[in-house]
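Okay, here's what each chain looks like letter by letter:
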Amino acid sequence: MKVIHAADAMQRLALQWRKSNQRVALVPTMGYLHAGHLSLVHEARRRVGPAGLVVLSIYVNPTQFAPHEDLSRYPRDFARDRQLCRKAGVDVIFAPDNEAMYPGKEQGQYSTFVVEEVLGRELEGGTRPTHFRGVTTVVAKLFNLVLPELAVFGAKDFQQSAILRRMVKDLNFPIEMVVAPTVREPDGLAMSSRNKYLSRSERRTALVLSYGMEVARRLLLRHPGGLPVQKVVDPVARIINSQPAARLDYLAFVDPLTLQPQKRVRPGVQMTLAVFVGKTRLIDNTRL
Ligand code: PAF
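Before going into details, it helps to say that this report is about the structure given with it. All values reported here derive from a predicted model rather than from experimental measurement.

Rules used throughout
- Residues numbered from 1 in each chain as written.
- Predicted model: local features only at pLDDT ≥ 70, side-chain atom pairs only at ≥ 80, totals over all residues.
- Heavy atoms only, no water.
- Axes fitted to C-alpha atoms, helices over the stretch in contact; angles between N-to-C directions.
- Helix = DSSP H or I, 4+ residues; strand = E, 2+ residues; numbered from the N terminus.
- Parallel < 35°, antiparallel > 145°, perpendicular 65-115°, else oblique.
- Left-handed = near helix turned anticlockwise from the far one by under 90°.
- Contact = heavy atoms within 4.5 Å.
- Nonpolar A, V, L, I, M, F, W, Y, C, P; charged D, E, K, R; others polar.
- Near = heavy atom within 4 Å.
- Polar contact = N/O pair within 3.5 Å; in protein donor to acceptor, adjacent residues only side chain to side chain.
- Pairing = 2+ DSSP bridges.
- Salt bridge = Lys/Arg side-chain N within 4 Å of Asp/Glu carboxyl O.
- Buried < 20%, exposed > 50% of the residue type's maximum accessible area, 1.4 Å probe, protein only.
- Expected span 1.5 Å × (residues − 1).

1. Overview of the packing of helix α6 (residues 131-146) against helix α7 (residues 158-170)
Line of reasoning, step 1. Two elements in contact, α6 and α7, have axes whose closest approach is 10 Å; the angle formed by their N-to-C orientations is 50°. Considering the angle they form, α6 stands oblique to α7. The hand of the α6/α7 crossing is right-handed. The segment α6 lies against α7, with Phe 132, Val 135, Thr 136, Val 139, Ala 140 and Phe 143 engaging Gln 159, Gln 160, Ile 163, Leu 164, Met 167 and Val 168.
Line of reasoning, step 2. Class assignment for the residues of the contact of α6 with α7 results in 9 nonpolar, 3 polar and no charged.

2. Structural notes on the environment of Ser 161
Line of reasoning, step 1. When you line up the elements, Ser 161 lands in helix α7.
Line of reasoning, step 2. C-alpha of Ser 161 to C-alpha of Ala 95: the two residues are 66 residues apart in sequence and 22 Å apart in space.

3. Description of the site of the ligand
Line of reasoning, step 1. By nearness alone, every residue bordering the ligand is listed as Pro 28, Thr 29, Met 30, Asn 61, Gln 64, Val 135, Val 138, Val 139, Phe 153, Asp 157 and Gln 160.
Line of reasoning, step 2. Interatomic distance of 2.6 Å between a side-chain N/O atom of Gln 64 and an oxygen atom of the ligand.
Line of reasoning, step 3. The side chain of Gln 160 places a nitrogen or oxygen atom 2.7 Å from an oxygen atom of the ligand.
Line of reasoning, step 4. For the shell around the ligand, the elements supplying multiple residues, two or more each, are β2 (24-29) and α6.

4. As for the sheet that holds strand β4 (residues 92-94)
Line of reasoning, step 1. Taken in spatial order, the 6 strands of this open sheet run β1-β4-β3-β2-β5-β6, and their pairing is parallel. Every other strand in the sheet has two partners, leaving β1 (2-4) and β6 (176-180) as the edge strands with one partner each. Ignoring strand direction, the axes of neighbouring strands in this sheet form an average angle of 25°.
Line of reasoning, step 2. Pairing of strand β5 (residues 150-154) with β6, which is carried by 5 bridges, proceeds in the parallel orientation. The residue of β6 that forms the bridge with Gly 154 is Ala 180.

5. Section: the pattern of salt bridges
Opposite charge on two side chains allows them to pair when their charged atoms are near.
Line of reasoning, step 1. Here the structure, examined in full by the defined rule, presents 14 salt bridges.
Line of reasoning, step 2. Across the pair Arg 45 and Asp 91 runs a salt bridge, and its minimum N-O distance is 2.7 Å. With Arg 45 in helix α2 (residues 35-48) and Asp 91 in the loop between α3 (78-88) and β4, this residue pair connects regions lying 46 residues apart in the sequence.
Line of reasoning, step 3. Overall, Asp 91 belongs to the partly exposed group, its relative accessible area being 24%.
Line of reasoning, step 4. What you see here is one network of salt bridges that share partners, running through Glu 43, Arg 46, Arg 47 and Glu 176.

6. Some points on the environment of Gln 243
Line of reasoning, step 1. Position of Gln 243 among the secondary structure elements: in the loop between α10 (229-241) and β8 (246-254).
Line of reasoning, step 2. Judged by relative accessible area, which is 28%, Gln 243 ranks as partly exposed.
Line of reasoning, step 3. Those residues within four positions of Gln 243 in sequence are excluded, and the remaining contacts are Thr 205 and Val 208.

7. Points about α6
Line of reasoning, step 1. Its 16 residues place the ends of α6 23 Å apart at the C-alpha level, agreeing with the 22 Å of an ideal helix rising 1.5 Å per residue.
Line of reasoning, step 2. The buried fraction of α6 is high, at 13 of 16 residues.
Line of reasoning, step 3. Leu 147 sits one or two residues past α6 and shows a positive phi near 50°.

What follows is the structure, encoded as structure tokens:
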């Protein structure tokens, strides 16, 4: 397994691979890997085959964090990530630093960003208005540096995947977007590097996200023809906000492709929510 830090070295290698018709899959991550990330690696491997190449990028991208967010304390453990990647059969870790990804930014010499203008306005974009501009920019850059034929993302970041899929289409990236299912802890909590921030009691409280989705699913089972959104939002919000350490940030029912808010909760609608548990903000979603 190779570890590459320099952007130009990554791109030179990617160009060589392209010349020799190597199949390449990219798994973009911010590191502090867990079983969810490893499932993306396995999906990448399954798709490119044993002779293909799986590149996993590790980069805590500052442009997707607002100044008050957790950039400086975002968990990092490169040695452990490296071991996990080796075991999972990653061929190349691309781990650039800020100067490699945003050369000259500190000196005001970096000024190009990629912005998706519609799908990112609400939900995560409502609470984190600059977040997706950072995500689309860094992913577009990773695509140009690694030149993969496919890239694998996790379904937990549902809105991110929808926006990146739109970016790939709108900007004609010759890249297949693959979205792999969310991996959960045995008790239902979606795996996330941010779960590390939770205290023992917050970890228990965090189950309100998956429980809230279960409540919505049960309500829909009792009303298979659908029911008005408020009839689901109210009980789920009550359950979440009844936990002293939990505060609902948003709960929405949207079309899975256009992200348009729905008036009725029907089978096939995407339920998506964000909840503060203590100071940690967690997200989850499910197709009902
Ligand atoms: O989902 C993530 O971990 C990040 O948003 C991504 C796609 C690696 C971009 O920094």
